[in-house]
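# Descriptive structure summary
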Amino acid sequence: MLSQRNRTAWGVFILILLTYTAVEIPLWIVLDYTIPKTLLIINSLVGFFFLIDLILNVFIYKHLDDHSLTAKSGNRLKKYMNFWFFVDLISVIPFDILIISFDLPRELDFLGLIRVIKLVRFSKVESFAQKTGQGEFTNPAMMRIFYFLYWIFLVMHWFACGWVSIHGKEFFLDENKKILLINGIQQADYLTTYVKALYWSVTTLTTIGYGDITPANNKEIMYVITIELVGAGLYGYIIGNIANLISNVDMAKANFIEKMERVTTFMKYRHIPDDLQDKVQQYYTYLWENRKGYDESSVMSDLPSSLKMKVALYLNKEMLEKIPLFKGATEELLKELVMNLKPLIYTPEDYIFRKGEIGKNLYFITKGRVQVMDETTNTIFATLDEGSFFGEIALLTSERRTATIKSIDYCDLYTLDKETFDNVIGRYPDFKAEMKRKAEERKNALHEKENKK
C-alpha cells in the first residue's frame, strides 16, 4: 500500500494531468486543430495513468475500510464504487484519439470533455487533502490561496475557449489572416486567436473591459452578461476573502506574535529589568525557531491514549534506545517510559540542579549541551550533549545530587520524575538492578575525578 507521502505525490501528479486535460481538450474542440503526434502520445499516456489511478483508488479505499476504526468511515469503497468509479472509468477512454483514428464526426468532440469531470474530485482543498492523504500540505490557508488562483486561471481559460466558439476563431486573426503549416495542412494562427480570446476573458472577468472586443449578436451578448455577472461575484469574493486568507497564511506565527506582544506588555508594565526582558524574548525566539511556538505537552494531552502512545514512541523511542542506560530494555518498558516523559527547555547559563539538592528527576538531552561541575570550586567534570542523560544517581540511590548541572546553550530536555520512574522500574526488577549498578559505577567515576582535582 502507498505511504502517505507517496499518496500525496501521486495525487499531485494526477492533478497535473487533469489540468493538462482541462486546458488541452477545450482548445482542441474550439480551435479544431490537427493534434500533433506528440500530443497524441501524451493523451494516450494520460489515459494510462488515469487507469492506474482508478486501480489504486480501489485498493486504497479498501485498505482504509479494512483499517477503519468506525463503521461510518468504513464505507469509502462503497461510496467510491457508487459514482466516482464510473467517472474515473470513463476518464480513461481517449475520446479525442478515437474520433481522430476512426474519422468520426467532429460533432462528437464534446465527448472529450467527459474526462474533465474527474477534476471535480479536486475542486476543493478538502477533497484534494482527502485524495492525497493530507500528507505534505500542513497549511490550509496557503492551500486555499493556491486553489483560489488555480481555479481563477482555469475558469478564465474556459471562458476564453467559449468566446472563441461563439465568436468564431477567424474574427481574432489579423487582417493578413496568418496561416500556419501543421503536418502539411494550412491552419489558422491558433496562438493569436487564443491570446486575444484570453485577453477578452481576463478583462471581462475582472470587470475592466476596454470595449475593443464586443459582442455582435444576441447569443454573444447573453454570454458576455453571464461572464460579467460571474466576474462581479468573483470580485466580491476576492475583496471579502483574499485578505483573510493572507492573514491566515501562518496562523501559528500570528498566534505566537500575539502571545509575544502580551508578554512584552506585561514585562514593561511590571518594570522587569531590560536584561531579563532580553532573556525572555530570546527564549521565545528560540521556542519559535525550534518548536514553532507550540507546547509539546499541551498538544500531546489532546490526543487519545492510543495515538499519544504512537506519537510518543515516534518522538522518543529512538532517543531512549541510544542511551546506554536503557540498553537491553524491553519494548514494554520503553513504551511506559516514553509515555511519561515531559519536555523542558533551559536557556544558556541556567542551573538545572545544584549539588546537594534532593534528586527528583532524571534528564535526557535531545538538543544542546550541559556541564557537570562543582559550583564551589568551579571544577568542570564533564560536558554532556545530545543523547546523554544525567540525574540518575540521586534518582536511583535516593541520595543528594553529587554535582551541579549547568546549561551551556539552549537545551531541549526530557525529564522523568522519581515517582513515575520508581513505579515503572519497579515492575522490571532485573532492569532496576542493572540500572543501580550503572549508577554506582558513574557515581564512583565522578568521585574519582573529584579526588584527582
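Calculation rules
Residues numbered from 1 in each chain as written. Predicted model: local features only at pLDDT ≥ 70, side-chain atom pairs only at ≥ 80, totals over all residues. Heavy atoms only, no water. Helix = DSSP H or I, 4+ residues; strand = E, 2+ residues; numbered from the N terminus. Buried < 20%, exposed > 50% of the residue type's maximum accessible area, 1.4 Å probe, protein only. Contact = heavy atoms within 4.5 Å. Areas by Shrake-Rupley, 256 points an atom, 1.4 Å probe, with all protein chains shown as cover. Pairing = 2+ DSSP bridges. Axes fitted to C-alpha atoms, helices over the stretch in contact; angles between N-to-C directions. Phe/Tyr/Trp six-rings, centres within 6.5 Å; stacked < 30°, edge-to-face > 60°. Core = buried A, V, L, I, M, F, W, Y, C linked by side-chain atoms within 4.5 Å. Salt bridge = Lys/Arg side-chain N within 4 Å of Asp/Glu carboxyl O. Parallel < 35°, antiparallel > 145°, perpendicular 65-115°, else oblique. Nonpolar A, V, L, I, M, F, W, Y, C, P; charged D, E, K, R; others polar. Lys, Arg positive; Asp, Glu negative; His and termini not counted. pLDDT = per-residue confidence, 0-100. Arc of directions from axis to C-beta.

A few words on the overall build of the protein chain. In terms of regular secondary structure, the protein chain is built from 16 helices and 10 strands. Per-residue burial over the protein chain gives 39% buried out of 453 residues. When contacts within the protein chain are restricted to residue pairs at least 6 apart in sequence, long-range pairs at least 24 apart make up 73% of them. Carbon and sulfur atoms provide 60% of the accessible area of the protein chain, an area that totals close to 26100 Å².

Moving on: the sheet that holds strand E9 (residues 404-407). Read across the open sheet, the 4 strands follow the order E4-E9-E6-E7; overall the sheet is antiparallel. In this open sheet, the two edge strands, each paired with only one partner strand, are strand E4 (351-353) and strand E7 (379-384). Adjacent strand axes in the sheet meet at a mean angle of 30°, parallel and antiparallel pairs treated alike. Relative to E9, strand E6 (residues 370-374) runs antiparallel, the two being bridged by 4 bridges. Among the inter-strand pairings, Gln 371 is bridged to a residue of E9, identified as Lys 406.

Here we come to the packing of aromatic side chains. Think of a pair of aromatic rings as described by two things: how far the centres are apart, and how the planes are tilted against each other in angle. Considering all chains together, one arrives at 18 aromatic pairs under this definition. Considering the side-chain rings of Tyr 363 and Phe 390, the 5.1 Å spacing of their centres and the 15° angle between planes classify their relative orientation as stacked. On the criterion of sequence distance, the pair formed by Tyr 363 in strand E5 (residues 361-367) and Phe 390 in strand E8 (residues 389-390) is long-range, its members being 27 residues apart. Comparing Tyr 363 with Phe 390 shows no difference in burial state: the two are buried. Through a chain of ring-to-ring contacts, the aromatic side chains of Trp 10, Phe 13, Phe 48 and Phe 49 assemble into a single cluster.

Phe 326, Leu 333, Phe 364, Phe 421, Phe 431 and Met 435 are the most contacted members of the largest nonpolar core, which totals 19 residues. Looking at this core, the elements that each hand over two or more residues are helix H13 (331-339), E5, strand E10 (411-417), helix H15 (418-425) and helix H16 (429-452). Core analysis: the second largest hydrophobic core is formed by 17 residues, Leu 18, Phe 122, Met 143 and Tyr 147 among them.

So, on to the pattern of salt bridges. Tallied over the entire structure, the rule returns 10 salt bridges. Across the pair Arg 369 and Asp 409 runs a salt bridge, and its minimum N-O distance is 3.4 Å. Here Arg 369, found in the loop between E5 and E6, pairs with Asp 409, found in the loop between E9 and E10; they are 40 residues apart in sequence, far enough to count as distant. Bridged by salt links that share partners, the residues Asp 53, Asp 88 and Lys 118 form one connected network.

Here the focus is unusual backbone geometry. Although it is not a glycine, Glu 349 sits at a positive phi angle of roughly 70°. Structurally, the position occupied by Glu 349 is in the loop between strand E3 (342-346) and E4. Positive phi outside glycine occurs at Asn 378, with the angle close to 60°. Checked against the element boundaries, Asn 378 lands in the loop between E6 and E7.

The geometry of helix H2 (residues 37-66) relative to helix H3 (residues 76-91) is characterised by a closest axis approach of 10 Å and an angle of 175° between their N-to-C directions. Considering their axes alone, H2 and H3 lie roughly antiparallel with respect to each other. Residues Phe 50, Leu 54, Asn 57, Val 58, Tyr 61, Lys 62, Leu 64 and Asp 65 of H2 pack against Arg 76, Leu 77, Tyr 80, Met 81, Phe 85, Asp 88, Leu 89 and Ser 91 of H3. Tallied by class, the residues present in the contact of H2 with H3 amount to 10 nonpolar, 2 polar and 4 charged.

Ordered in space as E3-E10-E5-E8, the 4 strands form an open sheet in which the pairing is antiparallel. Because the sheet does not close on itself, it has two edges, and the strands there are E3 and E8. Bridge analysis of E3 against E10 gives 5 bridges, and the strand direction is antiparallel. Residue pairing across strands places Leu 344 opposite Leu 413, the latter belonging to E10. The sheet strands contacting H15 are E5 and E10, and the helix crosses E10 at an angle near 60°.

Along the chain, Glu 24 turns up in helix H1 (residues 4-31). No salt bridge forms around the buried Glu 24; measuring N to O, its nearest opposite-charge neighbour Arg 115 is 7.1 Å away. Apart from the residues within four sequence positions on either side, Glu 24 is in contact with Tyr 33, Ile 35, Leu 39, Asn 43 and Asp 96.

Looking at the protein chain, pLDDT values average 77 and 78% of them are 70 or higher. Across the protein chain, the element-wise mean pLDDT spans from 43 in strand E1 (residues 179-182) up to 92 in E9. Here residues 132-137 is a poorly scored stretch, pLDDT under 50, and it has 17 contacts once near neighbours within four places are set aside; other chains count.

Our focus in this paragraph is H13. What H13 keeps buried is the set Leu 333, Leu 334, Leu 337 and Val 338. Along H13, the residues classed as buried sweep out an arc of 125° about the axis, all on the same side.

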